[in-house]
Amino acid sequence: MKRKITALIIAVCAVSLIGGCGGKGTSDKGQNTAEGTEDSDGETSATSYNVDECVKLAEYKGLEVTLGAYEVKEEDVKSNIESTLASYPNYIDTDKTTVEEGDIANIDYEGLKDGVAFEGGTAQGANLEIGSNSFIDGFEDGLIGKKVGEDVELNLTFPEDYQNTELAGQAVVFKVKINKIVKEEFMTYDTVTDEFVANNFVNNGYQTVDDLKKGVREQLESNNESQMKTDTQNAVFEKLHETCTVTMPDGLLDQRIQEYMDQFTENLKTNYNMELSAYLTSVNTTEDEFNQQVRQYIEDSLTNQLILEAIAKKENIELDEDGYAKYKQDITAEFSFESEDALIEQYGEDYVKNAYISDKAMEFVIENATITYDDNAAAAADSTGTGTAPTDDAATP
């Protein structure tokens with residue numbers, strides 16, 4: 001359950017990838033500030049700090065990081081395709097004539113209430129496994145023993161707690177024609193045909209088996225590339241945490257936690273019409289557990305942010321307009337902001353600029369690190385207790 005909660009924490013904190021979970025800027029005097037809570041006059045106070053005073057940098061150039069390989073192998077493509085095909089049964093006609101428990105009946109049906117067809121109650125050529133309890137009580141049992149080609153009339157009643165309140169508890173009649181009895185066959189990586197791909201994956205842009213294999217490989221490569229970037233950043237942060245000393249500025253952590261919680265609860269209300277207490281019940285966790293995880297995530301995020309700020313300052317890493325423009329485009333698209341203006345409105349221009357500079361600082365550290373991507377080397381490093389593979393809940397910059 002912890003991993004599920006963490007995933008939502010990161011999802012709600014949309015700009016976790018650009019340095020933290022709250023509005024932040026840099027004053028024209030070089031002193032860092034973070035927007036805080038409103039004071040008694042309704043004005044927003046700010047937490048100010050000098051990054052040189054709260055971060056003691058160790059050597060951050062030449063870090064040695066070892067991770068596993070991210071190459072997509074043929075067996076990876078095969079496994080993915082096999083898994084996908086398992087969700088796409090191929091129905092083969094049989095010569096069976098009488099419906100029995102466990103059979104798959106191909107049927108046409110029409111549902112009538114007071115003699116009038118109701119919405120969602122009609123279909124042609126539907127494949128129904130008898131005994132799957134996919135339909136309301138009595139429907140599947142009513143077909144057992146019936147013959148292919150036979151017309152069947154089923155007098156049934158929807159359950160009282162049926163999700164469609166207009167049908168809940170209502171008496172209806174289903175007119176059913178049994179077209180045939182079929183059996184499921186599943187294609188495999190070795191048996192899938194161009195015709196099957198065209199019939200089932202055209203919406204994915206695949207017309208042939210070669211299209212499918214190529215598309216799956218490209219998707220896996222893209223996924224691996226993203227995962228490699230994330231894992232590399234996390235491993236670098238792990239090294240930096242081991243060597244750099246961060247003293248959290250007074251009040252900043254609590255301020256960011258409050259900002260995050262305000263955003264989180266607002267997201268629950270706006271998008272899910274849910275209070276925090278109801279959400280915690282739904283994920284079977286306590287308020288204390290949730291608060292601890294939020295605090296850990298924000299603290300990790302802030303630690304990363306402060307280290308990168310210190311590195312950026314020491315290396316004189318500054319904003320370049322072209323790179324910053326692309327950065328805003330990427331963040332807007334990745335986190336589905338309506339526009340760049342919406343991004344800036346929510347987090348402030350200073351904060352986004354500072355986040356971009358922090359991102360450049362991370363790039364600088366990675367470019368100056370010695371990074372090995374090799375399964376054997378990673379296993380050897382782990383066996384000696386010196387591996388740098390990140391944990392599941394590692395915060396990202």
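Residues numbered from 1 in each chain as written. Predicted model: local features only at pLDDT ≥ 70, side-chain atom pairs only at ≥ 80, totals over all residues. Heavy atoms only, no water.

Participant: Help me understand helix H11 (residues 349-367) in this model?
Facilitator: Because an α-helix packs 3.6 residues into every turn, residues spaced three or four apart end up facing the same way. For H11, with 19 residues, the first-to-last C-alpha span of 27 Å sits near the 27 Å given by 1.5 Å per residue. Buried within H11 are the following residues: Tyr 351, Val 352, Asn 354, Ala 355, Tyr 356, Ile 357, Ser 358, Ala 361, Met 362, Phe 364 and Val 365. (Helix = DSSP H or I, 4+ residues; strand = E, 2+ residues; numbered from the N terminus. Expected span 1.5 Å × (residues − 1). Buried < 20%, exposed > 50% of the residue type's maximum accessible area, 1.4 Å probe, protein only.)

Participant: I tried to follow unusual backbone geometry on my own but got confused; where do I start?
Facilitator: Positive phi values are uncommon outside glycine, yet Asn 273 reaches one of about 50°. With respect to the secondary-structure elements, Asn 273 resides in the loop between helix H6 (252-272) and helix H7 (276-282). Even without being glycine, Asn 284 reaches a positive phi, approximately 55°. The topology assignment puts Asn 284 in the loop between H7 and helix H8 (287-314). Residue Asn 284 is classed as exposed on the basis of its relative accessible area of 64%.

Participant: Before we go on, may I ask you to explain the packing of aromatic side chains in this structure?
Facilitator: For any pair of aromatic rings, the description rests on two quantities: the centre-to-centre distance and the angle between the ring planes. If you walk through the whole model with that rule in mind, you get 19 aromatic pairs. A ring pair is formed by Phe 139 and Phe 174, whose centres lie 5.1 Å apart and whose planes are at 80°; its orientation type is edge-to-face. Note that Phe 139 is positioned in the loop between strand E8 (116-129) and strand E9 (151-157) and Phe 174 in strand E10 (residues 171-186), a separation of 35 residues in sequence. Take Phe 139 and Phe 174: they sit in the same class, and that class is buried. With a centroid separation of 6.3 Å and an interplanar angle of 75°, the aromatic rings of Tyr 279 and Phe 290 are classed as edge-to-face. Note that Tyr 279 is positioned in helix H7 and Phe 290 in helix H8, a separation of 11 residues in sequence. Owing to a relative accessible area of 6%, Tyr 279 belongs among the buried residues under this scheme. (Phe/Tyr/Trp six-rings, centres within 6.5 Å; stacked < 30°, edge-to-face > 60°.)

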